[in-house]
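# Structure at a glance
Listed here are the chains, written in short residue letters.
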Amino acid sequence: MASKLTEKQKNTLWQQRRIASYQASCRLEDLILTEPASTYDQAEARLDSLRRQYGAE
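It should be emphasised that the depicted structure is a prediction, and the values quoted were computed from it without experimental measurement.

Rules of the game
- Residues numbered from 1 in each chain as written.
- Predicted model: local features only at pLDDT ≥ 70, side-chain atom pairs only at ≥ 80, totals over all residues.
- Heavy atoms only, no water.
- Axes fitted to C-alpha atoms, helices over the stretch in contact; angles between N-to-C directions.
- Helix = DSSP H or I, 4+ residues; strand = E, 2+ residues; numbered from the N terminus.
- Parallel < 35°, antiparallel > 145°, perpendicular 65-115°, else oblique.
- Left-handed = near helix turned anticlockwise from the far one by under 90°.
- Contact = heavy atoms within 4.5 Å.
- Nonpolar A, V, L, I, M, F, W, Y, C, P; charged D, E, K, R; others polar.

## Remarks on the packing of helix α1 (residues 7-28) against helix α2 (residues 40-54)
Two elements in contact, α1 and α2, have axes whose closest approach is 9 Å; the angle formed by their N-to-C orientations is 60 degrees. In terms of orientation, α1 and α2 fall into the oblique class. Crossing handedness for the pair α1 and α2: left-handed. Contact residues: Trp14, Gln15, Arg18, Ile19, Ser21, Tyr22, Ser25 and Cys26 in α1; Tyr40, Gln42, Ala43, Glu44, Arg46, Leu47, Leu50 and Arg51 in α2. Partitioning the contact of α1 with α2 into residue classes produces eight nonpolar, four polar and four charged.

Listed below in structure tokens is the structure:
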């Protein structure tokens, strides 16, 4: 039986998924990422921007 994730593990997994989503949205808009990995704050801001743009809030 699989063990449950701790809150810290859940948070880390969530952040990784948000960053992956941010990077995917940049690729869809043909934006080139100059940094190898974005920060959580950048990903959060990008996703908020997309939600406003597409009215998904």
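Here the narrative resumes.
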